[in-house]
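One-letter residues, chain by chain:
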Amino acid sequence: MNVSIDDVVLPGDHCPEIVAAGEKGKVLLGPGLRKEINGVFITKPGVLRKRTPNTYWVDNYQKRYVPSRGENVIGTVVQKAGDIFRVDVGGSCAASLSYLSFEGATKKNRPAIKTGDVVYAKMLNASKDMEPELVCVDSHGKKGRLGVLEEGFVFKCSLNLIRKILNPHCPLLNSLKNEWPFELAAGMNGRIWIKANTMRETLALGNAILGSEYLSNDEIKSMCKNIAVLLAGHVS
Amino acid sequence: MVTDMKDVQDFKLKPMKCEFNFLSKSDGSAILSQGDTVSLVSVNGPLDIKMTSQRIDKSTLEVLFSNKNGKPSVENRYKENIVKQTCEAAILGSLYPRTGINVTIQELEDYGGFLACTLNCTCLALLNSGVSMRNVFAAVSCAVDNQGNVILDPTHAQLQTSTATMTFVFDSRDKSLITCFTDGCFSQDAYREALERSRSASDLVFAFYRDIIRKYCNVIG
């Protein structure tokens with residue numbers, strides 16, 4: 001079946017629009033699209049999206065993470081093996097994180113990381129044929145916001161929920177940050193780390209995020225307001 | 001024999017109802033009812049599997065079928081094989097080398113056309129899990145009654161008097177036959193008629209898949 005932009009697509013659908021654009025210039029095929037000998041085909045169910053001038057992808061529902069380069073993820077250190085840490089990021093195999101890829105780390109000065117620590121790291125390398133590799137510094141050797149996440153609470157959710165709350169058009173975080181102070185790190189692998197002043201606030205934040213999965217922007221705004229009112233009521 | 005298109009047009013399938021994410025812990029799951037027949041499928045993957053079953057060029061598909069009483073039997077293994085071979089044709093396993101994809105099927109109610117229901121449910125669970133697929137597939141069941149007439153999507157009562165049952169699976173790209181499973185005695189003409197009628201009826205299943213996706217996809221982005 002032929003489809004166009006913003007249509008609901010199923011695997012096996014064919015998009016002649018992208019092929020036509022590809023004849024004029026370069027196009028970027030994002031997740032859910034695949035070039036074959038006789039055209040561009042869809043591989044995931046969802047909505048076909050386009051960002052001008054030439055980027056195409058499919059917004060789909062997914063829970064299982066498949067590592068991809070350059071994404072910020074949250075992982076748990078599961079093993080210390082000599083020079084590297086094994087980090088579980090939810091993919092098909094554990095990612096490796098070198099002890100030298102922390103800010104200011106040298107062979108003498110090792111970072112203090114234990115098994116079970118939660119780290120916020122960037123995917124340096126990810127291909128289907130190799131083990132993914134993580135770093136906790138940027139290209140200037142600065143840690144930025146990456147590194148070990150102390151305290152707080154980690155929970156899992158679907159990958160598209162992460163993309164949804166990180167989308168600048170999504171009102172969730174903007175509405176919540178005015179209500180009570182909190183820290184949040186969202187990993188593209190479907191894990192969220194949150195830290196608020198009290199347990200009640202942490203729970204409210206977690207429930208607000210999980211509850212927004214199937215809500216529209218207006219519904220999210222009213223839900224945030226409700227949660228804030230409930231929270232304020234209990235405190236006073 | 002070329003089937004008259006008029007005959008092909010007036011078809012009906014039993015009402016289908018589906019729920020995604022029926023199981024919260026698995027990567028993808030779906031429960032599907034076609035009439036009174038109900039099946040539940042869960043998909044996990046791509047995940048880590050033991051060294052011996054890894055394949056360097058594509059993912060390994062494992063299918064586990066469990067019927068109502070939960071005892072393993074030869075019949076189950078046979079159904080597992082049908083589902084496995086159908087899914088292998090649809091999944092783009094080459095994107096996930098050295099990993100495994102687990103498909104677990106639970107029979108809930110069988111009132112005829114269970115294999116077709118299971119295959120459709122498996123396809124929906126795979127769609128829910130977000131595994132990359134070459135195409136989707138739709139299964140349609142047929143029966144041949146004792147007068148030699150072909151019945152599309154037979155009910156439990158019709159199956160009691162039928163001499164043969166057939167299940168056809170079609171892919172969504174060019175509606176080509178990817179799996180055929182038959183049981184009983186039938187003529188070549190009956191087979192061809194059943195094939196053509198099922199092929200047309202598969203459109204309904206594909207439209208159903210698209211409706212399901214449409215229901216949730218405008219709020220997840």
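The written sequence of each chain sets the order in which its residues are numbered from 1. Both sets of labels track the order of writing: A upward for chains, 1 upward for ligands. Local features in this predicted model are restricted to residues of pLDDT 70 or higher, and side-chain atom pairs are both shown and tallied only at a pLDDT of 80 or more, whereas totals for entire chains, interfaces and linings draw on every residue. Note that the side-chain values use all heavy atoms of the structure and ignore hydrogens as well as water.

A.B. asks: Can you walk me through the overall build of chain B in this structure?
C.D. replies: Counting its regular elements, chain B contains five helices and nine strands. Secondary structure follows DSSP: runs of H or I at least 4 residues long count as helices, runs of E at least 2 residues long count as strands, and numbering of each begins at the N terminus. Reading chain B from its N terminus to its C terminus gives the helix and strand order α-β-β-β-β-α-β-α-β-β-α-β-β-α. In terms of overall size, chain B behaves like a compact globule, its C-alpha atoms giving a radius of gyration of 17 Å where 221 residues would be expected to give roughly 17 Å. Principal-axis analysis of the C-alpha atoms gives chain B an extent of 55 × 40 × 30 Å. Between two residues, a contact is recorded if the distance between any of their heavy atoms is within 4.5 Å. Long-range pairs, those at least 24 residues apart, make up 67% of the contacts in chain B with a sequence separation of at least 6. Only C-alpha atoms enter the radius of gyration; for comparison, a globular chain is expected to reach 2.2 Å times N to the power 0.38, where N is the number of residues.

A.B. asks: Teacher, can you tell me more about the packing of aromatic side chains here?
C.D. replies: Note on aromatic pairs: each is described by the distance of the centres and the angle between the planes. Only centres within 6.5 Å qualify two rings of Phe, Tyr or Trp (six-membered ring in Trp) as a pair; their planes then separate them into stacked at under 30 degrees, edge-to-face at over 60, and tilted for everything else. One pass over the structure, following the stated rule, counts 11 aromatic pairs over all chains. Centre to centre, the rings of A:Phe85 and A:Phe102 are 6.4 Å apart; their planes meet at 80°, and the pair counts as edge-to-face. With a gap of 17 residues between them, A:Phe85 in strand E8 (residues 84-88) and A:Phe102 in the loop between strand E9 (95-98) and strand E10 (118-125) connect regions that are remote in the sequence. A:Phe102 carries the same exposure label as A:Phe85, and that label is buried. Through a chain of ring-to-ring contacts, the aromatic side chains of B:Phe168, B:Phe170, B:Phe186 and B:Tyr191 assemble into a single cluster. Only protein chains enter the accessibility calculation, which uses a 1.4 Å probe; a residue whose area is less than 20% of its type maximum is buried, one above 50% is exposed, and one in between is partly exposed.

A.B. asks: Please clarify how the packing of helix H2 (residues 74-90) of chain B against helix H3 (residues 114-129) of chain B should be interpreted in this entry.
C.D. replies: In helix packing, the relevant descriptors are the interaxial angle and the interaxial distance, both defined with respect to the helix axes. Residue and element names in this part refer to chain B. Orientation of H2 relative to H3, taken along the N-to-C sense of each, is 45°, at an axis distance of 11 Å. The orientation of H2 with respect to H3, classified from their angle, is oblique. The way H2 lies across H3 gives a crossing that is right-handed. Touching Lys-79, Ile-82, Val-83, Thr-86 and Cys-87 of H2 are Leu-115, Thr-118, Leu-119, Thr-122 and Leu-126, all from H3. Three classes are used, and their members are as follows: Ala, Val, Leu, Ile, Met, Phe, Trp, Tyr, Cys and Pro are nonpolar, Asp, Glu, Lys and Arg are charged, and the others, Gly among them, are polar. Along the lines of polarity and charge, the residues of the contact of H2 with H3 split into six nonpolar, three polar and one charged. In this description, a line fitted to the C-alpha atoms serves as the axis of each element, helices being fitted only across the stretch in contact, and the angle between N-to-C directions of two axes falls anywhere from 0 to 180 degrees. When describing relative orientation, an angle under 35 degrees is termed roughly parallel and one over 145 degrees roughly antiparallel, while 65 to 115 degrees is termed roughly perpendicular and anything else oblique. By definition, any crossing whose near helix is turned counterclockwise from its far helix by less than a right angle is left-handed, and any crossing with a clockwise turn is right-handed.

A.B. asks: It is not clear to me how the interface of chain A and chain B should be interpreted in this structure. Could you clarify?
C.D. replies: One frequently used descriptor of interface size is the decrease in accessible area upon assembly of the parts. Taken together, the contact between chain A and chain B spans 34 residues of the former and 38 residues of the latter. Summed over both partners, the accessible area (1.4 Å probe) lost when two parts come together is defined as the buried area. Between chain A and chain B lies a buried interface of about 3100 Å² when both sides are counted; carbon and sulfur atoms form 54% of it. Salt bridges are defined by distance alone: a side-chain nitrogen of Lys or Arg within 4 Å of a carboxyl oxygen of Asp or Glu. Counting across the chain A and chain B interface gives three salt bridges. Across the salt bridge formed by B:Arg173 and A:Glu36, the nearest N and O atoms sit 3.0 Å from each other. As used in this structure description, the phrase polar contact means that two N or O atoms lie within 3.5 Å; if the pair is within protein, one of them must be able to donate a hydrogen and the other to accept it, and residues adjacent in sequence are counted only when both atoms belong to side chains. Where chain A meets chain B, there are 15 residue pairs in polar contact (both at pLDDT 80 or more). Of all the secondary structure elements, the ones that give two or more residues to the side of chain A that touches chain B are strand E1 (8-9), strand E3 (33-36), strand E4 (39-42), strand E5 (46-51) and helix H2 (159-166) of chain A. Grouping the constituent residues of the side of chain A that touches chain B by class yields 15 nonpolar, eight polar and 11 charged.

A.B. asks: Could you clarify how one ought to interpret the nonpolar core in this entry?
C.D. replies: For soluble globular proteins, the rule of thumb is that nonpolar side chains tend to be buried together. Nonpolar cores were defined as sets of buried Ala, Val, Leu, Ile, Met, Phe, Trp, Tyr and Cys residues, with membership established by side-chain atoms within 4.5 Å. Among the nonpolar cores identified, the biggest contains 63 residues, and B:Met133, B:Phe137 and B:Tyr209 are the most heavily contacted of them. Beyond its immediate stretch of four places on either side in the chain, B:Met133 contacts A:Pro11, A:Ile42, A:Thr43, B:Ala90, B:Ile91, B:Leu92, B:Cys123, B:Leu126 and B:Leu127. By size, the runner-up hydrophobic cluster in this structure holds 26 residues, among which are A:Val77, A:Phe102, A:Tyr120 and A:Ala121.

A.B. asks: I tried to follow unusual backbone geometry on my own but got confused; where do I start?
C.D. replies: Trans peptide bonds make up most of the peptide bonds, and negative phi angles are found at most residues other than glycine. For the bond running from A:Thr52 to A:Pro53, omega is 5°, close enough to zero to count as cis. A cis amide bond links B:Gly45 with the next residue in sequence, B:Pro46, at an omega value of 0°. Along the chain, B:Pro46 turns up in strand E3 (residues 37-47). Phi is positive for A:Asp6, which is not a glycine, with a value near 70°. Here A:Asp6 lies in the segment before E1. Located in the positive-phi region is B:Asn21, a residue other than glycine, with phi close to 55°. Assignment of secondary structure puts B:Asn21 in the loop between strand E1 (16-20) and strand E2 (28-34).

A.B. asks: What am I meant to see in the environment of A:Gly46 here?
C.D. replies: Inspection of the secondary structure assignment puts A:Gly46 in strand E5. It is 27 Å that separates the C-alpha atoms of A:Gly46 and A:Pro132, two residues lying 86 residues apart in sequence. If near-sequence neighbours (up to four positions away) are discounted, A:Gly46 is found in contact with A:Asp7, A:Val8, A:Val9, A:Val58, A:Asp59, A:Asn60 and B:Ile213.

A.B. asks: I would appreciate a short explanation of the UniProt feature "domain: K Homology" (unreviewed entry) in chain A in the present structure.
C.D. replies: Sequence positions flagged by UniProt for "domain: K Homology" (unreviewed entry) are, in local numbering, residues 152-198 of chain A. Helix makes up 30% of residues 152-198 of chain A and strand 34%, and the two end C-alpha atoms of the span are 10 Å apart. UniProt positions are given in the numbering used here, feature names are shortened, and annotations may be inferred rather than shown by experiment.

A.B. asks: Honestly, the domain arrangement of chain A in this entry has me stumped. Any pointers?
C.D. replies: Residues and elements named next belong to chain A. Either an automatic procedure or a domain database provided the assignment from which the domain bounds are taken. On domain assignment, one finds that chain A holds domain 1 (8-59), domain 2 (72-149) and domain 3 (153-235). Taking the mean C-alpha position of each, domain 2 and domain 3 sit 26 Å from one another. Across the contact, 10 residues belong to domain 2 and nine residues belong to domain 3. Together, the buried faces of domain 2 and domain 3 total about 720 Å²; carbon and sulfur atoms form 59% of this surface. Run the count over domain 2 and domain 3 and you get one salt bridge. Across the salt bridge formed by Asp-88 and Arg-191, the nearest N and O atoms sit 3.7 Å from each other. Here domain 2 is connected to domain 3 by four residue pairs in polar contact (both at pLDDT 80 or more). For the side of domain 2 that touches domain 3, the secondary-structure elements that each account for two or more residues are strand E7 (72-81) and E10.

A.B. asks: Explain H2(A) here, please?
C.D. replies: Every α-helical turn comprises 3.6 residues, leaving residues that sit three or four positions apart pointing alike. Among the eight residues in H2(A), six count as buried, and that is most of the element. For H2(A), every residue scored as buried is listed here: A:Leu159, A:Asn160, A:Leu161, A:Ile162, A:Lys164 and A:Ile165.

A.B. asks: Help me out: how do you make sense of the confidence of the model for chain A in this one?
C.D. replies: A low pLDDT means the predicted coordinates there should not be read in detail. pLDDT is a per-residue confidence score from the predictor, ranging from 0 to 100. Mean pLDDT over chain A works out to 92, with 99% of the residues at or above the 70 mark. Averaged pLDDT values over the elements of chain A bottom out at 86 in helix H5 (residues 217-235) of chain A and peak at 96 in strand E15 (residues 191-196) of chain A.

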